[in-house]
Amino acid sequence: MKITMIKDLEEFIQRIPHHEAFEKKFADLSLFFESHRSQENSSTSSQPTGWFESYYIGPTGEEVMKEMPTPLHAADYIAQQHDLEYQALGLNGVSGTLDSRSNEADRRLIVRCNELISMYDRGERSYHGYPITPTAYHAAYYMKEYFLLEESITDFICNKF
């Protein structure tokens, strides 16, 4: 029963970026919807395959994790660090976000995104040597909101079962 519910939740989460209410709430994040790339494209040979003109934002393909291309901007760097933390824990994808072992990595991502957003708002344009572009700023905002939502969903599941 629980496995079926988690599978259903994974499918729901996969649909979140395309849900009308979500798009309306985050209409200012049009960069996300314009740069959203298919999850099936995992090659890093020609262009970034992630969301927000990145390699690591969104579902990161196995090829990207093998090749480890240099992040393109500050939010891509934050997402790469998050992916590396998941990898060290043996986690990946949506099922990884629902695993309680991912909580600390997710909280660190939220803190890093808040730092990047604050730096951009103060006029700073570099985060650990990576540029804080308008795209990186919007990506950090999206990632923060996504993982805050994910944290609520995970808390709900843990308390429900």
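Residues numbered from 1 in each chain as written. Predicted model: local features only at pLDDT ≥ 70, side-chain atom pairs only at ≥ 80, totals over all residues. Heavy atoms only, no water.

K.L.:
How would you explain the packing of aromatic side chains if you had to name every residue and give the values?
P.N.:
Evaluation of the coordinates by the stated rule reveals eight aromatic pairs. Relative to Tyr130, the ring of Tyr77 has its centre 4.7 Å away and its plane inclined at 15°; by these criteria the two rings are stacked. You can see Tyr77 sitting in helix 5 (residues 74-89) and its partner Tyr130 sitting in strand 2 (residues 130-131), a full 53 residues away along the chain. Arranged with centres 5.0 Å apart and planes meeting at 80°, the rings of Tyr146 and Phe147 form a pair that is edge-to-face. Assigned by exposure class, Tyr146 and Phe147 land together as buried. Among the aromatic side chains, those forming a connected cluster through ring pairs are Trp51, Phe52, Tyr142, Tyr146 and Phe147. Over the ring of Tyr120 we find Arg125, and its NZ or CZ is 3.9 Å from the ring centre. (Phe/Tyr/Trp six-rings, centres within 6.5 Å; stacked < 30°, edge-to-face > 60°. Helix = DSSP H or I, 4+ residues; strand = E, 2+ residues; numbered from the N terminus. Buried < 20%, exposed > 50% of the residue type's maximum accessible area, 1.4 Å probe, protein only. Lys NZ or Arg CZ within 6 Å of the ring centre and 35° of its normal.)

K.L.:
Talk me through the pattern of salt bridges; I want residue IDs and the actual numbers.
P.N.:
Counted under the stated rule, the structure contains eight salt bridges. The closest approach of N and O atoms between Glu85 and Arg112, which form a salt bridge, is 3.0 Å. With Glu85 in helix 5 and Arg112 in helix 7 (residues 103-121), this residue pair connects regions lying 27 residues apart in the sequence. Of the residues examined, Glu85 reaches a relative accessible area of 16% and is grouped as buried. (Salt bridge = Lys/Arg side-chain N within 4 Å of Asp/Glu carboxyl O.)

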